[in-house]
Amino acid sequence: MIFHVTLSHFVPRIYYQVVAQSNIIIADELEMSTKQKTFSVALSREMVPTARVIVYYIKEPEEIVSDVLSFFVNGTRQNQVSLYINRGKDFSRNTVEFNAYADPGSYVAFSAMLLDLYSRGMNDGITENKLIDELLSYDQPANSSFKHLWRVSDTEYQYTFFHGSDYGIDGNTTFKSAGIIIITDADVTRLPNQESCNPLDGKFPCFSGVETECFTSEQCCNGLFDGCPNDGADEWGCKCTQFI
């Protein structure tokens, strides 16, 4: 995959990391000759189904500037499987033979169900969409690519993924939304109310930055914008939110 980086001002060096499933897959640095840089990253199974590329640099005086891009990696169709049905196995048509061809070392399993159940939209419980959802559950602490479930037919559904930037509003939340814990003595920008809204006291800061605007753990992901009604920070990163 090819990435293009554009800086607001020139710096001699930038750093990037590719993170997936709470693991740092690739980490490297790039020498800059202009304010733009193009580099490529080889995709791998460790990046399935979504990964994030984090690009950052250190600005004087020791301030970290960062940005994150999430993207989808389709790893469920890397092994092409061919299926051939032989209806004349015993010349009586009472026996059906299935012949599957795939890469060496592959495991192929078959599952059958009644036609009237399949025509009503039921399945055997193992679908590509459910497999992707299961893989996404391994990377819940971080934000993933936006996905939308399309209805292809009466019985088939298909995911569509869209790459996009993260939801971080400062340097600290940018790394947090990417699933990265940063430990440094450099200046990582944080909300002004980060100190007054201390998580150790059960308070968390709203995105407004006002020192008096905090929300509690009980207000987090409760489906209501009752903690931070102006910016909705109490429902940020929640799986399902009822807009009331």
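The shown structure was predicted, so the numbers you read here are calculated from the model rather than taken from an experiment.

Criteria and cut-off values
- Residues numbered from 1 in each chain as written.
- Predicted model: local features only at pLDDT ≥ 70, side-chain atom pairs only at ≥ 80, totals over all residues.
- Heavy atoms only, no water.
- Helix = DSSP H or I, 4+ residues; strand = E, 2+ residues; numbered from the N terminus.
- Rg over C-alpha atoms; globule rule 2.2 N^0.38 Å.
- Buried < 20%, exposed > 50% of the residue type's maximum accessible area, 1.4 Å probe, protein only.
- Areas by Shrake-Rupley, 256 points an atom, 1.4 Å probe, with all protein chains shown as cover.
- Lys, Arg positive; Asp, Glu negative; His and termini not counted.
- Charge placed at Lys NZ, Arg CZ, Asp CG, Glu CD.
- Domains from an automatic or database assignment.
- Contact = heavy atoms within 4.5 Å.
- Buried area = accessible area lost by both parts, 1.4 Å probe.
- Salt bridge = Lys/Arg side-chain N within 4 Å of Asp/Glu carboxyl O.
- Polar contact = N/O pair within 3.5 Å; in protein donor to acceptor, adjacent residues only side chain to side chain.
- Pairing = 2+ DSSP bridges.
- Disulfide = S-S within 2.5 Å.
- 1 Å grid on protein atoms, 1.4 Å probe; cavity = no way out; pocket = protein on both sides within 12 Å on 5 of 7 lines; lining within 4 Å.
- Points joined across faces, edges and corners; volume = space filled by probe spheres on them.
- Nonpolar A, V, L, I, M, F, W, Y, C, P; charged D, E, K, R; others polar.

A.B. asks: Looking at this model, I keep getting lost on the overall build of the chain. Mind explaining?
C.D. replies: Scanning the chain for helices and strands turns up three helices and 13 strands. Here the C-alpha atoms of the chain give a radius of gyration of 24 Å, more than 25% beyond the 18 Å that 2.2 N^0.38 yields for 244 residues. On the principal axes, the C-alpha backbone points of the chain span a range of 80 × 50 × 25 Å. Relative to its full complement of 244 residues, the chain shows a buried share of 29%. As displayed, the chain has an accessible area near 16200 Å², and 52% of this comes from carbon and sulfur atoms. Treating the 18 positive side-chain charges of the chain as one cloud and the 32 negative ones as another, the clouds have centres 10 Å apart.

A.B. asks: Looking at this model, I keep getting lost on the domain arrangement of the chain. Mind explaining?
C.D. replies: One frequent convention defines the size of an interface as the accessible area lost when the parts assemble. Looking at the chain, the domain boundaries give domain 1 (2-75 + 163-187), domain 2 (82-143) and domain 3 (191-243). On the side of domain 2, nine residues touch domain 1, which itself brings 15 residues to the contact. Each partner contributes to the roughly 870 Å² buried at the junction of domain 1 and domain 2, and carbon and sulfur atoms together form 53% of this total. At the junction of domain 1 with domain 2, the criterion picks out zero salt bridges. For the pair domain 1 and domain 2, the number of links is zero residue pairs in polar contact (both at pLDDT 80 or more). Sorting the residues of the side of domain 1 that touches domain 2 by element identifies strand E5 (50-59), strand E6 (63-72) and helix H3 (171-177) as the ones contributing at least two each.

A.B. asks: Even after reading the chapter, I still don't get the side chain of Asn 172, so can you show me in this structure?
C.D. replies: Along the chain, Asn 172 turns up in helix H3. For Asn 172, a relative accessible area of 16% puts it in the buried group. Non-local contacts of Asn 172, meaning those with residues more than four positions away in its chain, are made with Val 188, Thr 189, Arg 190 and Gln 194.

A.B. asks: Explain the sheet that holds strand E2 (residues 13-20) to me, please; I cannot follow it from the model alone.
C.D. replies: Adjacent strands of a sheet form backbone hydrogen bonds with each other and so pair up, either parallel or antiparallel. An order of E3-E2-E5-E6-E11 is seen for the five strands of this open sheet, with the pairing classed as antiparallel. Edge positions in the sheet fall to strand E3 (23-31) and strand E11 (164-165), since each has one partner strand and no second.

A.B. asks: I keep staring at the state of the cysteines and nothing clicks. Help me out?
C.D. replies: Here a disulfide denotes a covalent bond joining the sulfur atom of one cysteine to the sulfur atom of another. One pass over the structure, following the stated rule, counts two disulfides. The disulfide partner of Cys 197 is Cys 214, and the gap between their sulfur atoms is 1.7 Å. The disulfide joining Cys 197 to Cys 214 has a torsion of about -60° about its S-S bond and is therefore left-handed. Residue Cys 197 is found in the loop between H3 and strand E12 (203-205), and its partner Cys 214 is found in strand E13 (residues 214-216); the two are separated by 17 residues along the sequence. Between the sulfur atoms of Cys 206 and its disulfide partner Cys 228 the distance amounts to 1.8 Å. Taking the sign of the S-S torsion, about -80° here, the bridge from Cys 206 to Cys 228 comes out left-handed. In this pair, Cys 206 sits in the loop between E12 and E13 while Cys 228 sits in the segment after E13, placing the two residues 22 residues apart along the sequence.

A.B. asks: Where do I start with the layout of surface pockets in this structure?
C.D. replies: If you roll a probe as big as a water molecule over the atoms, it shows you where there is empty space left. Its boundaries defined by the atoms lining it, the second largest pocket holds a volume of some 720 Å³. Val 81, Val 108, Ala 109, Phe 110 and Ile 126 are the residues nearest the centre of the second largest pocket, which is lined by 21 residues in total. Only strand E8 (97-101) and helix H2 (128-136) provide two or more residues apiece to the lining of the second largest pocket. At three residues, H2 tops the list of elements feeding residues into the lining of the second largest pocket. Residue classes in the lining of the second largest pocket are distributed as 12 nonpolar, six polar and three charged.

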